[in-house]
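Here's the letter readout for the chains.
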Amino acid sequence: MTLDWILACSACANTRAPDGLPTVCDLCGQPWLVRYRRAAPTVTARAEVRRGHGMWRFQPFLPLAEGEQPVTLGEGDTPLLHLRRSGAHLGLRDLWLKDEGVNPTGSFKARGLSAAVTRAVAAGATRLVIPTAGNAGVALSAYASRAGVRARVFAPRTTPPVILEQVRVFGGELELVDGHIGDAGRLAAAWSAAEGAYNVSTLREPYRIEGKKTLAFELAVQFGWTMPDAIIYPTGGGTGLIGMWKAFTELIEAGWVRGTPPRLFSVQAAGCAPVVRAFESGADRGEPWPDPQTVAAGLRVPAPLGDRLMLQALRESGGGAVAVSDTELTEAARVASRTEGIDVSPEGGAAFAAVRQLRENGTLRAEDRVVIFNTGAGWLYRG
Ligand SMILES: *Cc1c(COP(=O)(O)O)cnc(C)c1O
C-alpha cells in the first residue's frame, strides 16, 4: 500500500516519509503536518463527497490509501442547527451551532482518534497511550477497542467522573494522575518510552489534526460550498482550530469553495487562558499557565504544544481570542440547553458566552454568519 503524502514540519524545512510511527520533527521538536502528494481533488470528487456518509467520505483530503478501510464508529455528519431564538437574544440573525456532542463517544475527539488509530494500527502499533483532560481518553479507548489494540489513558483525578467511567466502559486502562493534563503528558511520555507504546497525544502525532479537518469540510457541505464569516471555538490543545484552518486552506486550493476563510475565534476559560494571553500580548508562543482551573475539562490545557499554530490561525484569519469565567460559561450552557434543546457542554457554553462578548463589543456584526461549536455532550459532565 502506498501512502501518497509526506510529513512536513510546521516550523522548519524538515520533511519525512509517512512510514512507521511518526512523533514530532526530529530537528526542532515541533508538530508535523500532512502534505498530500496526490492529484488535486477534482470538482467531480466534490459531488461524490456530497453524496457520501461519515467523515471518511472526505478521503481526497484524508490520510487513507486507496482501498484502505479506516477504523470507524460512524463519526461525523453532525447536525448544523440554526439558532433562531439564541440568535435573537444575542443580536445575530444568522447564528448556527455545530453539535459535536452527538458523535460516537460524545465529543468531536472521535474524529481525530478515528484518523490517528487508523494510521497507528496500519503501521503496526498494538499499544496506544494518551494523556487527556477527559474526552480524548474516552475516544481513544473506544477506537482502540474497535481496532483490537490496547489503550492506556492518563487522566487527572479531577476529571468529571462520568468521563472517567466512559474510559473504563470502552476498556481503556485508566491511570489517575494528581495534577493537570501537562502532568498526565509527562507520565504518558515516560510510559510510552518504557513500554514501547505509541503516544497519540495532541500534535505529538500528525493524524488527529487530519481527522479534525472534517469539521470544516462538513460546514462547507452544509452551507452549500460556502464558508461562514466567523467560527467560535472552545480551545484546549488546539486541534480543532488548527485542523479547520488547514481544511479551509485546502478547500480553497482545490477550488471547492471560493472567498475568504472564516475569522477564527478561540475561546478559553479565564482560569486557563494561555492562548488568549499570548494573542493579546502579540506573542507567537504561549507561556505555561500556572495552576489551571476550570470546570470545562477540555479547556484545561496550560501549555499546548500547538500554541504557535493556533496563534497563526487566529491572526491569519483576522479572528481573535476571548476568555470567559466559569460562572459565565456554566450559565450560558444552561440557558442554551433550555433555549435550544441541545445538550450543551461547559465548553460549548464558553462559546456562547464568547459570542455575547464579541457581539457586545462590535467584533461580530448583526448580519454575520456565525458558527458556534458545541464540542462535546453536556451529560459527560454530570453526575
Ligand atoms: C478536547 C476538547 C476541547 C478542546 O479541543 P482542541 O480542539 O484540542 O482545542 C474542547 N471541548 C471539548 C468538549 C473537548 O473534549
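None of these values were measured; they are calculated from a predicted model.

Observations regarding the side chain of Thr339
For Thr339, the location among the structural elements is in helix α11 (residues 326–340). Under the relative-accessibility criterion, Thr339 is labelled buried at 13%. Ignoring sequence-local partners within four residues, the contact set of Thr339 consists of Arg85, Ser86 and His89.

Examining unusual backbone geometry
Backbone geometry places Asp77, a non-glycine residue, at a positive phi of 55 degrees. Its place among the elements puts Asp77 in the loop between α1 (43–51) and β4 (80–82). The class for Asp77 is partly exposed, based on a relative accessible area of 34%. Here Leu203, not a glycine, exhibits a phi torsion of approximately 70 degrees, which is positive. Tracing the sequence through the fold places Leu203 in the loop between β9 (198–199) and α7 (207–222). Owing to a relative accessible area of 2%, Leu203 belongs among the buried residues under this scheme.

Here we look at the side chain of Lys109
Along the chain, Lys109 falls in helix α3 (residues 109–122). Glu347 provides the closest opposite charge to the buried, salt-bridge-free Lys109, at an N-O distance of 7.2 Å. With residues up to four places along the chain from it excluded, the contact list for Lys109 reads Asn135, Ala136, Ala139, Arg208 and Lys212.

Considering the site of the ligand
Neighbouring the ligand are 16 residues; Lys109, Gly236, Gly238, Gly240 and Thr375 lie closest to it. At a separation of 2.6 Å, an oxygen atom of the ligand approaches a polar backbone atom of Gly238. Within the complex, the protein chains bury 97% of what would otherwise be the 380 Å² of accessible surface of the ligand. Listed by contribution, the elements that provide at least two residues to the shell around the ligand are β10 (230–234) and α8 (239–253). Class assignment for the residues of the shell around the ligand results in 4 nonpolar, 10 polar and 2 charged.

A few points about the pattern of salt bridges
A complete count under the given rule lists 23 salt bridges for this structure. With a shortest N-O distance of 3.0 Å, Arg119 and Glu68 are connected by a salt bridge. With Arg119 in helix α3 and Glu68 in the loop between α1 and β4, this residue pair connects regions lying 51 residues apart in the sequence. For Glu68, a relative accessible area of 12% translates into the label buried. Close ionic contact of Glu173 with Arg152 constitutes a salt bridge, the shortest N to O distance being 2.9 Å. Pair noted here: Glu173 is in strand β8 (residues 173–177) and Arg152 is in strand β7 (residues 150–156), with a separation of 21 residues, a long-range link.

Let's talk about the nonpolar core
In this structure, Ile231 and Leu251 are the most contacted members of the largest nonpolar core, which totals 52 residues. Among the elements of the structure, α1, α7, β10, α8, α9 (274–281), α10 (307–316) and β13 (369–374) are those that each provide at least two residues to this core. Of the residues that make up this core, three or more belong to each of domain 1 (5–61) and domain 2 (80–103 + 211–381). One finds Ala269, Phe352, Val355 and Val370 within the second-largest nonpolar core, a separate group that totals 30 residues.

Concerning the domain arrangement of the protein chain
Here the domain parsing of the protein chain yields domain 1 (5–61), domain 2 (80–103 + 211–381) and domain 3 (109–199). The interface is formed by 7 residues belonging to domain 1 together with 9 residues belonging to domain 3. Here domain 1 meets domain 3 over a buried area of about 620 Å², counting both sides, of which 73% is carbon and sulfur. When residues of domain 1 are sorted by the area they lose upon contact with domain 3, Leu21, Met55 and Trp56 head the list and together hold 71% of the total. Linking domain 1 to domain 3 there are 2 residue pairs in polar contact (both at pLDDT 80 or more). In terms of residue class, the side of domain 1 that touches domain 3 is built from 5 nonpolar, 2 polar and no charged.

What counts, and where the lines are drawn
Residues numbered from 1 in each chain as written. Predicted model: local features only at pLDDT ≥ 70, side-chain atom pairs only at ≥ 80, totals over all residues. Heavy atoms only, no water. Helix = DSSP H or I, 4+ residues; strand = E, 2+ residues; numbered from the N terminus. Buried < 20%, exposed > 50% of the residue type's maximum accessible area, 1.4 Å probe, protein only. Contact = heavy atoms within 4.5 Å. Lys, Arg positive; Asp, Glu negative; His and termini not counted. Salt bridge = Lys/Arg side-chain N within 4 Å of Asp/Glu carboxyl O. Near = heavy atom within 4 Å. Polar contact = N/O pair within 3.5 Å; in protein donor to acceptor, adjacent residues only side chain to side chain. Areas by Shrake-Rupley, 256 points an atom, 1.4 Å probe, with all protein chains shown as cover. Nonpolar A, V, L, I, M, F, W, Y, C, P; charged D, E, K, R; others polar. Core = buried A, V, L, I, M, F, W, Y, C linked by side-chain atoms within 4.5 Å. Domains from an automatic or database assignment. Buried area = accessible area lost by both parts, 1.4 Å probe.

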